[in-house]
Amino acid sequence: MKSRWVVGTGDYLDLAYHAWTQASATEDVQKITVPQGADYEFDLSIFDTLHPELGDVFIAVDDRFGNFKRMELFRVALERGFTLSSFVSANADVASEAKIGKNVFIGPQAIIGHHCKIEYNSVVHAGAQIGANSHLRASVWIEPGVQIGSRVEIGTHAIIRTGAIVRSGIKVGKGAELGWPQLYSADIADKTVYDTRYDEPILVYGS
Amino acid sequence: MQSRMHPKYYLSQEIFDREQIKIFRKVWLFAGLTSLVAENNAFITRKIAGIPVVIQNFKGEIKAFENICLHRSAPLQQGFCGRRALVCPYHAWSYDATGAVKNIPDCEAIYRFSADEKQSLKLREFALKQVGSMLFINLSTEPMAFEEQFKPEFVALMESAAQSFDTEVMVTTWHGKFNWKLVYENLRDFNHVKFLHAKSLAAIADFPFEAPIQADLALTPLEDISIPGLRKAMRPFSYGGPEGKIDAVRPVPWLNMVERWGTEDAYFNWLAYPNLHIACGNGGYSFTIEHHIPIAPGQTDIEIYFITAKKKQPYAASYQVLLSNMHYSKTILTEDIDMLEQVQSALHIDAPIPTQGAYESTNRQIERWYTELMETEHEI
Ligand code: FES
Ligand SMILES: [Fe+2]
């Protein structure tokens, strides 16, 4: 029996582990927590015990550090030769010609419209709706119930939180975080953060 | 002993207006960062002491003008910052680096200004001073020398730090419901740290302070109330340096990505009177600029900039480093803001006058100067 190692940390690791367990009767699904040190660095030694011939890895780290932590483990797994298949819930409604990249997670009741492209390492949680012809770049995090219109472009590492509605045709910049539950009807600049604890958006200038 | 600060100083609109004219339109104020206006035509806009201001780069020269078109008063630039020539969006009058009108479309045909009239059209210009990558502005028609307001050693240390600022800047604004003066009374009071910030700041830093026996408690009235005298009295209100002791900085990877400013493991603070606070809580790796903008007697905007020391090279996650530091600063600052909002909400015109102790001598000196300025015709 082939193994399915669900590797990561936090609540999302649990969620992904249970999703894989329910979905695959033919695999030995195992949950592997990667510890983070006081400096937030991962202890990667766990990868030394996993071999691509014996199974596949799914990386499950949440949106921490702007999805960069998930990306970090994704890269490690890729370098070590794992296939990193995506997970699409049997209860999701994914248009047949939609393109889904490596290590993508699509939760139950999510709807992915026709001609959507969801790039590697992105997460679309339960009940989120992605309108037709939309494009999610790599390492995006879409929370449950988020509604995204058609022809929307979402930059790498962006985070869209529950309650957000993104109007059709909008461009969401890379690294943006749409955390205010509201309708977003204008393009969002790169790295703009709408966090409910703040009175105004947090903006980044220069590089 | 009793403070000089009657509740009216925090509540009265009339006093607020007087402060704006007698202090904020006279002194040097923080205006922004040069990294936001680094390129030709880059600009920032601000409202400073009620005056809309545009700070604009003209081929490398940075100038500050009143952001009001001389034709029919439209703002020339809009938004916090951007990149666009200084041209009015309403009827397209354009302005040059001296603030003079450069071009008026169809001037001869429809305006028929005389040459004299056209030449007299010039935007009001304000004095600017660059300190490292920080910009200061003075709205006065006869601005005092920068050195008259700030001590040279204060400027030198602040400049040295501000030269190490990175060009990637994170900025946001909080809307505080309190009078701007409460912030600075709080920032000059290290005694609150171990109580108000018991679980947050006090757990990682220690701010030793004392109440010297010889402390000047400003019991007597100010002696020299001439203009130079009042300016001189103001100078010690701005100070800064390594004020807090911190535990050794926890080694997180991003620290290696920046050129640390200095080598001292300390909590650095700079207070520039009246409304700028710079903090560096990790011995030179990153800086928070807090700019407190008075909006109304009970309303202050807190504009927060977060920057690291200069990056050795760009890296993709650098904005996330800024964001996690911003969130951390916010947890501590929220403790202050919540308290100041409580203080403001309890104030009324017959509220008890505050009682101050010896350790509050700096606040007492500032308050003597402030009340002198508010209650008399004397000027700075
Ligand atoms: S108001 Fe500016 S050109 Fe008319
Ligand atoms: Fe405080």
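Please refer to the structure placed before this passage.
Throughout this document, residue positions are counted from 1 along each chain, in the order its sequence is written. All chains are assigned letters beginning at A, and all ligands numbers beginning at 1, according to the order in which they are written. Two thresholds apply to this predicted model, a pLDDT of at least 70 for residue-level local features and 80 or more for giving and counting side-chain atom pairs, whereas whole-chain, interface and lining totals are computed over all residues. Hydrogens and waters are ignored; side-chain quantities use all the structure's heavy atoms.

1. Overview of the coordination of the iron ion (ligand 2)
Residues and elements named next belong to chain B.
In step 1: Here the coordinating atoms are restricted to nitrogen, oxygen and sulfur within 2.8 Å of the metal centre, or 3.2 Å for Na, K and Ca, and because water is not among them the sites may look incomplete. Around the iron ion (ligand 2), the protein contributes the donor atoms His192 (NE2), His197 (NE2), Asp336 (OD) and Asp336 (OD), at 2.0 to 2.5 Å from the metal centre.
In step 2: A site with four donors is called tetrahedral when every donor-metal-donor angle falls between 85 and 135 degrees; four donors are called square planar, and six octahedral, when opposite donors sit more than 155 degrees apart and all other angles fall between 65 and 115; any other arrangement is irregular. Metal-centred angles of 56 to 152° between the four donor atoms at the iron ion (ligand 2) mark the site as irregular.
In step 3: Taken in chain order, the donor set of the iron ion (ligand 2) reads H-x4-H-x138-D.
In step 4: Given the relative accessible area of 14%, His192 is considered buried. Each residue's exposure class comes from its accessible area (1.4 Å probe, protein chains only) as a fraction of the maximum for that residue type: buried when under 20%, exposed when over 50%, partly exposed otherwise.

2. Regarding the packing of aromatic side chains
By convention here, two paired aromatic rings are described through the distance between centres and the angle between planes.
In step 1: Pairing of aromatic rings covers Phe, Tyr and Trp, the last counted by its six-membered ring, and requires centre-to-centre distances within 6.5 Å; plane angles under 30 degrees mean stacked, over 60 mean edge-to-face, and any other angle means tilted. Under the defined criterion, the tally for this structure stands at 40 aromatic pairs over all chains.
In step 2: Consider the ring centre and the ring normal. A charge sits over the ring if Lys NZ or Arg CZ is within 6 Å of that centre and within 35 degrees of that normal. Sitting above the plane of the Phe42(A) ring, Lys69(A) keeps its charged end 5.0 Å from the centroid.
In step 3: The residue whose ring lies beneath Lys330(B) is Trp174(B), and the NZ or CZ to ring-centre distance is 4.4 Å.

3. Considering empty space enclosed by the protein
All names here are of chain B.
In step 1: For cavity detection a 1 Å grid was placed over the protein atoms alone, and a set of points counts as a cavity when a 1.4 Å probe fits there but cannot get out; an open set counts as a pocket when protein lies on both sides within 12 Å along at least five of seven lines, with lining residues being those that have an atom within 4 Å of a point. Grid points are joined across faces, edges and corners, and a volume is the space filled by probe spheres set on the points. Scanning the model with the defined rule gives two cavities of 30 Å³ or more in all.
In step 2: Volume-wise, the largest cavity comes out at about 80 Å³.
In step 3: Strands here mean DSSP runs of E at least two residues long; helices mean DSSP runs of H or I at least four residues long; both are numbered from the N terminus. Those elements giving two or more residues to the lining of the largest cavity turn out to be helix 7 (180-187) and helix 12 (361-375).
In step 4: Of the residues assigned to the lining of the largest cavity, the class counts are six nonpolar, no polar and four charged.
In step 5: Around the second largest cavity, the lining residues are Asp166, Glu168, Thr308, Lys311, Tyr315, Ser318, Val321 and Leu322.
In step 6: Sort the elements by how many residues they give to the lining of the second largest cavity and helix 11 (residues 318-346) lands first, with three residues.
In step 7: Following the grouping adopted for this structure description, the nonpolar residues are Ala, Val, Leu, Ile, Met, Phe, Trp, Tyr, Cys and Pro, the charged ones are Asp, Glu, Lys and Arg, and the polar ones are all others, Gly among them. Within the lining of the second largest cavity, the residues separate by chemical class into three nonpolar, two polar and three charged.

4. Here's the deal with the packing of helix 10 (residues 227-234) of chain B against helix 12 of chain B
Residue and element names in this part refer to chain B.
In step 1: Two numbers describe how helix 10 lies on helix 12: the axes approach to 10 Å, and their chain directions differ by 145°. The two elements helix 10 and helix 12 meet at a crossing, and its hand is left-handed. Contact residues: helix 10 offers Leu230, Ala233 and Met234, while helix 12 offers Trp369, Glu372 and Leu373.
In step 2: The residue makeup of the contact of helix 10 with helix 12, split by class, is five nonpolar, no polar and one charged. Fitting a line to C-alpha atoms yields each axis, with helices limited to the stretch in contact; the angle taken between N-to-C directions then spans 0 to 180 degrees. Left-handed describes a crossing whose near helix is turned anticlockwise from the far helix by less than a right angle; the clockwise case is right-handed. For this analysis, residues touch if any pair of their heavy atoms sits within 4.5 Å.

5. Topic: the layout of surface pockets
Residue and element names in this part refer to chain B.
In step 1: When its volume is computed, the second largest pocket comes out at roughly 590 Å³.
In step 2: Along its surface, the second largest pocket is lined by 31 residues, and Arg46, Lys47, Ile293, Asp301 and Glu303 are the ones closest to its centre.
In step 3: Those elements that place two or more of their residues in the lining of the second largest pocket are helix 2 (13-24), strand 2 (42-48), strand 3 (51-58), strand 10 (169-176), strand 15 (286-296) and strand 16 (299-308).
In step 4: The class makeup of the residues in the lining of the second largest pocket is 14 nonpolar, 12 polar and five charged.

6. Details of the interface of chain B and chain A
In step 1: Opposite the 27 residues of chain B that make contact, chain A presents 24 residues.
In step 2: Buried area is calculated as the accessible area (1.4 Å probe) missing from two parts once they are joined, with the contributions of both summed. Interface area, chain B with chain A, both sides summed: about 2,200 Å², of which 61% is carbon and sulfur.
In step 3: When a carboxyl oxygen of Asp or Glu is within 4 Å of a side-chain nitrogen of Lys or Arg, the pair counts as a salt bridge. Our enumeration of links across chain B and chain A arrives at one salt bridge.
In step 4: Across the salt bridge formed by Glu168(B) and Lys191(A), the nearest N and O atoms sit 3.7 Å from each other.
In step 5: Under the rule applied, a polar contact is a pair of N or O atoms within 3.5 Å (in protein, one hydrogen donor and one hydrogen acceptor; residues adjacent in sequence only if both atoms are side-chain atoms). On the surface where chain B and chain A come into contact, there are 13 residue pairs in polar contact (both at pLDDT 80 or more).
In step 6: Of all elements in the fold, only strand 10 and helix 11 of chain B reach the threshold of two or more residues within the side of chain B that touches chain A.
In step 7: Among the residues forming the side of chain B that touches chain A, the class breakdown is 16 nonpolar, seven polar and four charged.

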